[in-house]
Amino acid sequence: LPVLWDPQLFIRDLHFDGVPVRIYLPREPSAGKRRGVIFFHGGCGIFGSIRSYERVCRYTAKKSDSVVVSVGYHLSPEYKYPAQTLECLSATVHFLQTADTFGVDPARIIVCGDSAGGTYATSVCQELVHRTDLPKIRAQVLIYPFLQALNFNLPSYQKNAFTAFLSRERTVQFILKYLNKDCSLKEPILAGSHVPESVNLKYRKWISPDLIPEVFKVGYEAPLPTSFSPRVHEQVPELFECWFSPLLAEDAVICHLPDTCIVTCGHDVLRDEGLLYKKRLEDNNVRVTWHHVEEGFHG
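These figures come from a predicted structure and were not determined experimentally.

A. Expanded view of the UniProt feature "domain: Alpha/beta hydrolase fold-3" (unreviewed entry) in the protein. Per the UniProt record, "domain: Alpha/beta hydrolase fold-3" (unreviewed entry) is found at residues 37–189 and 242–299. The span residues 37–189 is 39% helical and 17% strand by assignment, and the distance between its end C-alpha atoms comes to 35 Å. Secondary structure content for residues 242–299 is 29% helix and 33% strand, and the end C-alpha separation is 24 Å.

B. Spotlight on helix H2 (residues 83–98). End to end, H2 covers 22 Å across 16 residues, agreeing with the expected 22 Å (1.5 Å per residue, within 8%). When we look at burial in H2, the residues that qualify are Ala 83, Gln 84, Thr 85, Glu 87, Cys 88, Leu 89, Ala 91, Thr 92, Val 93, Phe 95 and Leu 96.

C. The arrangement of helix H1 (residues 54–64) in detail. Looking at H1, one finds that the buried residues are Glu 54, Cys 57, Arg 58 and Ala 61. The buried residues of H1 all sit within an arc of 100° when viewed along its axis, so they share a single face. The exposed set on the far side of H1, more than 90 degrees from its buried face, consists of Arg 55, Tyr 59 and Lys 63. Tucked into the core, H1 has its buried residues touching strand S1 (9–16), strand S2 (19–26), strand S3 (34–40) and strand S4 (66–71).

Procedures and definitions
Residues numbered from 1 in each chain as written. Predicted model: local features only at pLDDT ≥ 70, side-chain atom pairs only at ≥ 80, totals over all residues. Heavy atoms only, no water. UniProt positions renumbered as here; feature names shortened; annotations may be inferred. Helix = DSSP H or I, 4+ residues; strand = E, 2+ residues; numbered from the N terminus. Expected span 1.5 Å × (residues − 1). Buried < 20%, exposed > 50% of the residue type's maximum accessible area, 1.4 Å probe, protein only. Arc of directions from axis to C-beta. Contact = heavy atoms within 4.5 Å.

Structure representation (structure tokens):
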């Protein structure tokens, strides 16, 4: 679709370091440099586009008087993981380096994303914490992000197992499609057979139902123990990478992350991932704003 005219915005399709982007610039002259918002759309890396988030980005640019960059990273399976994360990172670095060109204050740039876009925003922030050659990301906005692939039996996965659009089974099915893996792995991954006991023990301090507030655990039942399958584990090493499961990042990275806004929804399998990341950030003295939409759902 062509870029539609907007009386309040200049809208342009560009490429940042080879990555397609659509940029929304307010027409009204500004007294100073504006904020910048880098937006990564959701869709599990296999759906979605710049066009499908057109209204969201227009609204954000107008209401916040910001320059919004919507990143059109290429989708799987044609572009294999981690191409999506790398393209989001490349586009972000390019914008940080050229912000002045668009009338943006480099010190007032945030990254934002929903669902898998929230994963990419998280990964970009983690990847950039030790870069001294770039302006620092001012904040990250994570809208019901996907953050871990170790435990699909957290309370929110149980409570919303059959919720429309993003059920528990469909979550793992999308993951396998995204990584171009055999869909027969779905059941053992749902059961947790892909995770060695040593890994479970290592990350229990960060990923555990025990860390979820009691108010969100009504009706929760601990799953039956499952046996580890080396065969399954060997086929999905990506699930244990920080680019795919940002909750696994070490405290040395987490403590340097910018101010964070996390949005969770009551009817969402990913609710608890946002809660767990919120706790991790707060434990590392990162300032967090949390919005919970009790009647909200994924998508």
